[in-house]
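Spelled out from the first residue to the last, the chains are:
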There are 2 protein chains.
Amino acid sequence: VIRVGSNPLADNADQAQDNRARLAASGTLAVNLMSLPGAGKTTLLCRTIADLGRRFPIAAVVGDLQTDDDVERLQSAGARTAQVDSGKGGPLTAATLKAAIDALPLAPGGLLLIENVGDLVATAGVDLGETVKVVVLSTTEGEDKPRKYPDALAVADLLLLNKSDLLPHLEFDVGRCLAAALRVNPHLQTLVVSAETGDGMAAFYAWIEARVGFARSQAVTQG
Amino acid sequence: VIRVGSNPLADNADQAQDNRARLAASGTLAVNLMSLPGAGKTTLLCRTIADLGRRFPIAAVVGDLQTDDDVERLQSAGARTAQVDSGKGGPLTAATLKAAIDALPLAPGGLLLIENVGDLVATAGVDLGETVKVVVLSTTEGEDKPRKYPDALAVADLLLLNKSDLLPHLEFDVGRCLAAALRVNPHLQTLVVSAETGDGMAAFYAWIEARVGFARSQAVTQG
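*Asks:* Even after reading the chapter, I still don't get the overall build of chain A, so can you show me in this structure?
*Replies:* Each helix and strand counted, chain A has eight helices and eight strands in total. For chain A, the proportion of its 223 residues judged to be buried stands at 55%. Across chain A, the fraction of contacts at a sequence separation of at least 24, relative to all contacts at a separation of at least 6, is 76%. In the structure as shown, chain A presents an accessible area of about 9200 Å², 50% of it carried by carbon and sulfur atoms.

This is how it looks when you write it as structure tokens:
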């Protein structure tokens, strides 16, 4: 566990820029995964690591200190994993991501999955210097959730609606949920998946792979 | 039926620019819907007109001369409709769209739905001057279809995967289909809908409404 002292919020933007430059230089795609607790992020990460780990190097940063299980699960799935503590159980900061990158370290041309912690209000406001932001919602949450977290969806590149395998047992209107999200962010990409069964995950992998390829090509250009 | 003489392809780009300027000035969102035959475009248009017609004025342009039924169905649903003929049963051109706009005419601050005709190869290459391009695929087509029509998907803003109501009866992997589309265009937005049952259509409507709002606001700015 890497513990990082609290930094003034004013410094966060500078550190985020440093992280972004460093990730770009190494051609690493850093994906900041934000969700409410229980949306299935860890299962999503484990399956992604298991399925994509042979294509390119994958590392993971875990912000959740509640369960040491997460780190073990991710390492078992095949990712070098750093667990970080932002100090107050709040969302990750750019400084905590820097510490994690130092510890891992980065694998050039690879994927860095960041399991953010805290609610979708706090995480939305903190720039880590990540390449892309993904919001994970679950079909077990209300379909009006997107309206409650406009800030997170406004800055997100992709919405993953997880736990699609439970839809037959739920009164959940996927169309209404995605409509609420698109009203907040009309350019949001959306995918419906089940990390548990793997259903729909191929589309998420294609989304990731295209961006890993782009990050690599940019690193080559810079180099 | 408006018949328009064939124009040299070289003129199409100029006419498309004229159309685009005219649509922008009137604050009209023009949606070019492209698909293979049988993807369910007319049913999609009818439901959209019926559901959104009270929110803002909707007009439709129909390129398919095979069935006069289409015009009647769209007019019954509540849209002023122009049927156009590009001359050879091929895809619409910018000149045919101009003729349709002249005939309708445009309703400022509204929506113009263009039911394009021809296959996804021919339509992809012709700029009409529309505001956005939507590709409609169907679950009754193969899930590898996106690989066969890279040009259409590369220029599309949105992929609608229609006939989701048939999924329980088909061997069709939605994730693999969307993955193939995202490999062609990693920034493509995707939605899974059933125009027949209305399932998922709320998300398409939210996508449309946000863009109608934007088109209106731009027209006001220009005015």
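*Asks:* Explain the environment of Gly110(A) to me, please; I cannot follow it from the model alone.
*Replies:* Residues and elements named next belong to chain A. Among the secondary structure elements, Gly110 is positioned in the loop between helix H4 (94-103) and strand S5 (111-115). You can call Gly110 buried: its relative accessible area is 0%. For Gly110 and Ala30, which are 80 residues apart along the polypeptide, the C-alpha to C-alpha distance reads 8.7 Å. Other than its neighbours up to four places away in sequence, Gly110 contacts Gly27, Thr28, Leu29, Phe56, Pro57 and Val212.

*Asks:* Help me out: how do you make sense of the environment of Lys133(A) in this one?
*Replies:* Residues and elements named next belong to chain A. Examined against the element boundaries, Lys133 turns out to sit in strand S6 (residues 132-138). Of the residues examined, Lys133 reaches a relative accessible area of 11% and is grouped as buried. On a C-alpha basis, the gap between Lys133 and Val31 in space is 5.9 Å, while along the polypeptide they are 102 residues apart. Ignoring sequence-local partners within four residues, the contact set of Lys133 consists of Asn32, Met34, Val126, Asp127, Val155, Ala156, Asp157 and Leu158.

*Asks:* Got a minute to help me understand the relation of the copies chain A and chain B in this structure?
*Replies:* Between the two copies of the chain lies a rotation about an axis combined with a shift along it. Expressed as a screw operation, the relation of chain A to chain B combines 0.0 Å of axial shift with a rotation of 180 degrees, fitting to an RMSD of 0.0 Å. These values place the two chain copies in the arrangement generated by a two-fold rotation axis. Nearest to the rotation axis, the C-alpha of Gln189(A) is located 2.5 Å from it, this being the minimum over chain A. Same-surface contact between copies: 100% of interface residues of chain A are shared with the interface of chain B.

*Asks:* I tried to follow the interface of chain A and chain B on my own but got confused; where do I start?
*Replies:* Of the residues lining the interface, 20 residues belong to chain A; the matching set on chain B comes to 20 residues. Where chain A abuts chain B, roughly 1500 Å² becomes buried across the two surfaces, and 62% of that area is made up of carbon and sulfur atoms. The largest per-residue losses of area from chain A upon contact with chain B belong to Leu182(A), Pro186(A) and Gln189(A), which jointly make up 26% of the total buried on that side. Taken together, the connections running from chain A to chain B amount to zero salt bridges. For the pair chain A and chain B, the interface holds 13 residue pairs in polar contact (both at pLDDT 80 or more). Element by element, the count of residues in the side of chain A that touches chain B is highest for helix H8 (residues 201-222) of chain A, at seven residues. Classifying every residue of the side of chain A that touches chain B by side-chain character gives 11 nonpolar, five polar and four charged.

*Asks:* What is the right way to look at the nonpolar core in this model?
*Replies:* Among the nonpolar cores identified, the biggest contains 54 residues, and Val31(A), Leu111(A), Leu191(A), Phe204(A), Ile208(A) and Val135(B) are the most heavily contacted of them. Element by element, the count of residues in this core is highest for H8(A), at nine residues. In contact with Phe204(A), other than residues within four places in its own chain, are Thr48(A), Leu158(A), Leu160(A) and Leu191(A). Counting 53 residues, the second largest nonpolar core, distinct from the first, contains Ala124(A), Leu45(B), Leu113(B) and Ala203(B).

*Asks:* Help me understand the packing of aromatic side chains, please; the structure alone is not making it clear to me.
*Replies:* Residue and element names in this part refer to chain A. Evaluation of the coordinates by the stated rule reveals two aromatic pairs over all chains. Plain terms: the ring middles of Phe204 and Tyr205 are 6.3 Å apart, the flat faces sit at 40 degrees to each other, and that makes the pair tilted. Judged on exposure class, the residue Phe204 and its partner Tyr205 are both buried. Above the ring of Trp207, the side-chain terminus of Arg211 is found at 3.9 Å from the ring centroid.

*Asks:* Looking at this model, I keep getting lost on unusual backbone geometry. Mind explaining?
*Replies:* Here the phi dihedral of Lys163(A) falls at roughly 65 degrees; this positive angle occurs in a residue that is not glycine. Checked against the element boundaries, Lys163(A) lands in the loop between strand S7 (158-162) and helix H7 (174-184).

*Asks:* I keep staring at the pairing of strand S6 (residues 132-138) of chain B and nothing clicks. Help me out?
*Replies:* Successive residues of a regular strand alternate their side chains across the two faces of the sheet. Residues and elements named next belong to chain B. By the criterion of burial, S6 is predominantly enclosed, with seven of the seven residues buried. Across the two faces of S6 the burial is the same, with Val132, Val134, Val136 and Ser138 and Lys133, Val135 and Leu137 all buried. Taken together, the five bridges between strand S2 (residues 29-35) and S6 define a ladder with parallel strand orientation. Directly across from Leu33, in S6, lies its bridge partner Val134. Across five bridges, the pairing between S6 and strand S7 (residues 158-162) is parallel. Within S7, the residue paired with Ser138 across the bridge is Asn162.

*Asks:* How should I be thinking about the side chain of Thr42(A) in this particular structure?
*Replies:* Residue and element names in this part refer to chain A. By the element assignment, Thr42 lies in helix H2 (residues 41-52). Judged by its relative accessible area of 10%, Thr42 is buried. Every residue in contact with Thr42, bar those within four places of it in the chain, is listed here: Asp70, Arg73, Leu74 and Glu115.

*Asks:* I'm lost on the pattern of salt bridges in this one. Help?
*Replies:* For side chains of opposite charge, pairing can occur when their charged atoms come near one another. Evaluation of the coordinates by the stated rule reveals 14 salt bridges over all chains. Arg22(A) is the partner of Asp102(A) in a salt bridge, and the nearest nitrogen-oxygen pair spans 2.7 Å. Here the residue Asp102(A) occupies a position in helix H4, and Arg22(A) occupies one in helix H1 (residues 9-26), the gap between them amounting to 80 residues. Asp102(A) sits in the partly exposed class, given a relative accessible area of 40%. Taking relative accessible area as the criterion, Arg22(A) reaches 33% and is therefore assigned partly exposed. Here Asp127(B) makes a salt bridge to Arg20(B), at a shortest N to O gap of 2.9 Å. Taken together, the positions of Asp127(B) in the loop between strand S5 (111-115) and S6 and Arg20(B) in helix H1 (residues 9-26) put the pair 107 residues apart, joining distant regions of the chain. The class for Arg20(B) is partly exposed, based on a relative accessible area of 29%.

The rules behind the values
Residues numbered from 1 in each chain as written. Chains lettered and ligands numbered in written order. Predicted model: local features only at pLDDT ≥ 70, side-chain atom pairs only at ≥ 80, totals over all residues. Heavy atoms only, no water. Helix = DSSP H or I, 4+ residues; strand = E, 2+ residues; numbered from the N terminus. Buried < 20%, exposed > 50% of the residue type's maximum accessible area, 1.4 Å probe, protein only. Contact = heavy atoms within 4.5 Å. Areas by Shrake-Rupley, 256 points an atom, 1.4 Å probe, with all protein chains shown as cover. Least-squares fit on C-alpha atoms with pLDDT ≥ 70 in both. Buried area = accessible area lost by both parts, 1.4 Å probe. Salt bridge = Lys/Arg side-chain N within 4 Å of Asp/Glu carboxyl O. Polar contact = N/O pair within 3.5 Å; in protein donor to acceptor, adjacent residues only side chain to side chain. Nonpolar A, V, L, I, M, F, W, Y, C, P; charged D, E, K, R; others polar. Core = buried A, V, L, I, M, F, W, Y, C linked by side-chain atoms within 4.5 Å. Phe/Tyr/Trp six-rings, centres within 6.5 Å; stacked < 30°, edge-to-face > 60°. Lys NZ or Arg CZ within 6 Å of the ring centre and 35° of its normal. Pairing = 2+ DSSP bridges.

Interpretation note: all reported values are geometric properties and have no functional meaning in isolation.
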